[in-house]
Amino acid sequence: MDMYYAPDTLQIRPSILYFGTPVVLIATRNPDGSANITPMSSAWALADRVTIGLAGGGQGLANLLRERECVLNLASESMREAVERLAPTSGRDPVPAWKHGYRHEPDKFALAGWHALPSLRVSAPRIAEAPLQLEARVLEAVERPLEAWRGDAGGYVTLELEVCQVHAHADIVVPGSSHIDPRRYRPLFYVFRHYYGVGPALGRTFKAEV
C-alpha cells in the first residue's frame, strides 16, 4: 500500500512571480546613438527564438520598438554587484512615475564598470564581461494592457526575438565545438527578487550532448 503523504500547501497571492530565471542585460541604442542597458529576468528561449517581457514606459523598450534589434547579454555570478548598481536606474529622463526610487543614468556602461564591444549583425553593443552575448532582432511585439499594472506603465509588452549571432567566452565553450560547458558556465539567477548562482550539478538529461 502506498503510504505517501503530500506536503501541506497554502493558498497564497505573491506580489511577484519571479520563480527563477537568468538575469539578462538588454543592450540597445538610444535615439542619440548612445547605449542603454536594461537588466531584466523575464525571458525564455526555444530554438533560435527568445521571448522577453518588459513593463511599458522604459527607455529600453522604446529603443527595442524603434530599432527592432538588441543584444541579450547573459550575466554571470561575478557580475552581481554591477547588476545591482544598475537596478535602480533608468535610461529615461524624466524617470517614469511608476519607477519610484529610480534615478536617471545616461551612461550605464560606466556605472557598471563594463566595456562595450561592437556587434557583428546589429548596431547595439555587446557587454564584454557577459559570458554569453546574443545578437537579436525583433520579430513581433505584442502590447498587453493591464489595468492593475503600475501606474503610467499601462501594462507590459512581450517581444519575440530571433537570435542571429551568438558570442561566448572561450573558457565556457567545450573545445572544438559550439557547446557550452555547464560545468564552467556560471549564470546569475533572479529568484523572487534575490540573486542566486548555480549550485552543484544534479545530473544530466538524456538529451545532453556534452
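Residues numbered from 1 in each chain as written. Predicted model: local features only at pLDDT ≥ 70, side-chain atom pairs only at ≥ 80, totals over all residues. Heavy atoms only, no water.

Going by an unreviewed UniProt entry, the chain carries the name Flavin reductase family protein and comes from Rhodanobacter humi. Comment text from UniProt for the chain, heading Cofactor (unreviewed entry), reads "FMN". Under the heading Sequence similarities (unreviewed entry), UniProt records this for the chain: "Belongs to the flavoredoxin family." (UniProt positions renumbered as here; feature names shortened; annotations may be inferred.)

Participant: Describe the sheet that holds strand β11 (residues 132-145), and please don't skip the residues or the numbers.
Facilitator: The sheet built from seven strands is open, its strands ordered β3-β2-β6-β11-β12-β5-β4 with antiparallel pairing. Lying at the two open borders of the sheet, with one neighbouring strand each, are β3 (35-40) and β4 (43-46). Taking the axes of each pair of neighbouring strands and ignoring which way they run, one obtains an average angle of 30° across the sheet. Two elements, strand β2 (residues 24-29) and strand β6 (residues 69-74), share four bridges in a ladder whose sense is antiparallel. Looking at the pairing, L25 lines up with N73 of β6. (Pairing = 2+ DSSP bridges. Helix = DSSP H or I, 4+ residues; strand = E, 2+ residues; numbered from the N terminus. Axes fitted to C-alpha atoms, helices over the stretch in contact; angles between N-to-C directions.)

Participant: A description of the side chain of N73 should follow, citing residues and the corresponding values.
Facilitator: Its place among the elements puts N73 in strand β6. Exposure remark for N73: the relative accessible area of 0% places this residue in the buried category. Within the structure, N73 has its side chain in polar contact with the backbone nitrogen of I127 (distance 2.9 Å). Discounting chain neighbours no more than four positions away, the residues touching N73 are V23, V24, L25, A27, P125, R126, I127, A130, L132 and Q133. (Buried < 20%, exposed > 50% of the residue type's maximum accessible area, 1.4 Å probe, protein only. Polar contact = N/O pair within 3.5 Å; in protein donor to acceptor, adjacent residues only side chain to side chain. Contact = heavy atoms within 4.5 Å.)

Participant: Can you break down unusual backbone geometry residue by residue, with the values?
Facilitator: Cis rather than trans, the peptide bond between D93 and P94 has omega equal to 5°. Among the structural elements, P94 can be located in the loop between β7 (89-90) and β8 (103-104). In this structure, A47 takes a positive phi of about 55° despite not being glycine. Inspection of the secondary structure assignment puts A47 in the loop between β4 and β5 (49-55). For F192, which is not glycine, the phi dihedral falls at a positive 45°. You can see F192 is positioned in the loop between β13 (189-191) and β14 (194-196). Residue F192 is classed as partly exposed on the basis of its relative accessible area of 39%.

Participant: Tell me about the state of the cysteines, residues and numbers included.
Facilitator: Such a bond, covalent and formed between the sulfur atoms of two cysteines, is termed a disulfide. This model, assessed by the stated rule, comprises zero disulfides. The thiol sulfur of C70 is not disulfide-bonded, and the nearest other cysteine sulfur, from C164, lies at 9.0 Å. (Disulfide = S-S within 2.5 Å.)

Participant: Pulling in residues and values, what's your account of helix α1 (residues 59-67)?
Facilitator: Inspection of α1 places Q59, G60, L61, N63 and L64 among the buried residues, and these make up the whole buried set. Within two residues after α1, R68 carries a phi angle of roughly 65°, on the positive side.

Participant: Give a description of the environment of L25 that names residues and reports values.
Facilitator: Note on placement: L25 falls in strand β2. Distance from L25 to L72, taken between C-alpha atoms, is 5.8 Å for residues 47 residues apart in sequence. If near-sequence neighbours (up to four positions away) are discounted, L25 is found in contact with I37, T38, P39, V71, L72, N73, A75, M79, V83, W114 and I127.

Participant: Requested: an account of the side chain of R126, with residues and values cited.
Facilitator: Along the chain, R126 falls in strand β10 (residues 126-127). It turns out R126 is buried and unbridged, and the closest side chain with the opposite charge, E135, is 4.5 Å from it. At 3.0 Å, the side chain of R126 and the backbone oxygen of P118 are in polar contact. At 2.6 Å, the side chain of R126 and the side chain of Q133 are in polar contact. Contact partners of R126, with chain neighbours within four places excluded, come to V71, N73, F109, H115, A116, L117, P118, S119, Q133, E135 and H167. (Lys, Arg positive; Asp, Glu negative; His and termini not counted. Salt bridge = Lys/Arg side-chain N within 4 Å of Asp/Glu carboxyl O.)

Participant: If you had to explain the packing of aromatic side chains to someone new, which residues and values would you point to?
Facilitator: Overall, the coordinates contain two aromatic pairs when judged by the stated rule. Between Y190 and Y195, the ring centres sit 5.7 Å apart and the planes meet at 55°, which makes this aromatic pair tilted. A network of ring pairs unites the aromatic residues Y18, Y190 and Y195 as a single cluster. (Phe/Tyr/Trp six-rings, centres within 6.5 Å; stacked < 30°, edge-to-face > 60°.)

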